[in-house]
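# Examination of the molecular architecture
Residues per chain are reported as follows:
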Amino acid sequence: VLWALAVVRSRHDGLCSAVVTRAMQLLVRPRAADVRFTSAELASLIWSLAKLDVADDGSIAELVGAVVTELRRRIPSKEYGPKDASMCLWGLGRLGRAEEASAIFVEFADAGAELAATAFSTALAFAQRDGRLVEELRIWRALGHRADHPALA
């Protein structure tokens, strides 16, 4: 629902609030609801919230924190795709969590994740914008270790 609203750029605060509340319930108590979000769904939550620019009463920050925790838990299992990583990084940056996005990028890269060129460019943009040279160098190093990556072609 959030993704559809984001795509058509139709922010409906009441509906967004209801979806955020329900998503948080499902993330916190997944066994009770017998629901497990896929990595694509988790990334879509972050992307949609960032795209919609919904006013945060604290529940969005809480949901994003829970989503990030779950995504980080899945990094070693490589249970995500390149698009998921890119959407997550972009959304976190847009939500004012660029440093966290950069840290997650490094975790993805260190785990040997297949990252799209947009993940590298997003992480670099955040590091450059914020003047975090050490972080920028880590990103370039991660990209350099991927000599076969399409971004280097």
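For the structure itself, consult the block above.
Scope of this entry: the structure provided in the associated data block. (Residues numbered from 1 in each chain as written. Predicted model: local features only at pLDDT ≥ 70, side-chain atom pairs only at ≥ 80, totals over all residues. Heavy atoms only, no water.)

Bringing the overall build of the chain into the picture now. What the chain contains, in helices and strands, is 9 helices and 0 strands. Of the regular secondary structure in the chain, the N- to C-terminal order runs α-α-α-α-α-α-α-α-α. Residues counted as buried form 43% of the 153 residues belonging to the chain. Of the contacts formed within the chain by residues at least 6 apart in sequence, a portion of 70% connects residues at least 24 apart. (Helix = DSSP H or I, 4+ residues; strand = E, 2+ residues; numbered from the N terminus. Buried < 20%, exposed > 50% of the residue type's maximum accessible area, 1.4 Å probe, protein only. Contact = heavy atoms within 4.5 Å.)

Okay, the pattern of salt bridges next. Across all of its chains, the model carries 6 salt bridges by this definition. Across the salt bridge formed by E107 and R72, the nearest N and O atoms sit 2.8 Å from each other. Of this pair, E107 sits in helix α7 (residues 98-110) while R72 sits in helix α5 (residues 59-74), and the two are 35 residues apart along the sequence. With a relative accessible area of 29%, E107 lands in the partly exposed category. Among the residues examined, R72 registers a relative accessible area of 29% and is labelled partly exposed. A network of salt bridges, in which partner residues are shared, links R129, D130 and R132. (Salt bridge = Lys/Arg side-chain N within 4 Å of Asp/Glu carboxyl O.)

Counted under the stated rule, the structure contains 2 aromatic pairs. Considering the side-chain rings of W47 and W90, the 6.3 Å spacing of their centres and the 40 degrees angle between planes classify their relative orientation as tilted. Here W47 is found in helix α4 (residues 39-52), whereas its partner W90 is found in helix α6 (residues 82-94), with 43 residues between them in sequence. In this structure W47 comes out as buried when scored by relative accessible area, which is 17%. Aromatic pair F105 and F120: ring centres 5.1 Å apart, planes at 75 degrees, arrangement edge-to-face. Remark: F120 occurs in helix α8 (residues 117-129) and F105 occurs in helix α7; sequence separation between them is 15 residues. By relative accessible area, which is 2% here, F120 ends up buried. (Phe/Tyr/Trp six-rings, centres within 6.5 Å; stacked < 30°, edge-to-face > 60°.)

Moving on to α8. Since the α-helix packs 3.6 residues into each turn, any two residues three or four apart lie on the same face. Between its terminal C-alpha atoms α8 stretches 18 Å, which fits the 18 Å expected from 13 residues at 1.5 Å a residue. Within α8, the full set of buried residues consists of A119, F120, T122, A123, L124, F126 and A127. Turning to α8, the residues buried within the fold contact α6, α7 and α9 (133-144). At the C-terminal side of α8, G131 shows a positive phi close to 70 degrees. (Expected span 1.5 Å × (residues − 1).)

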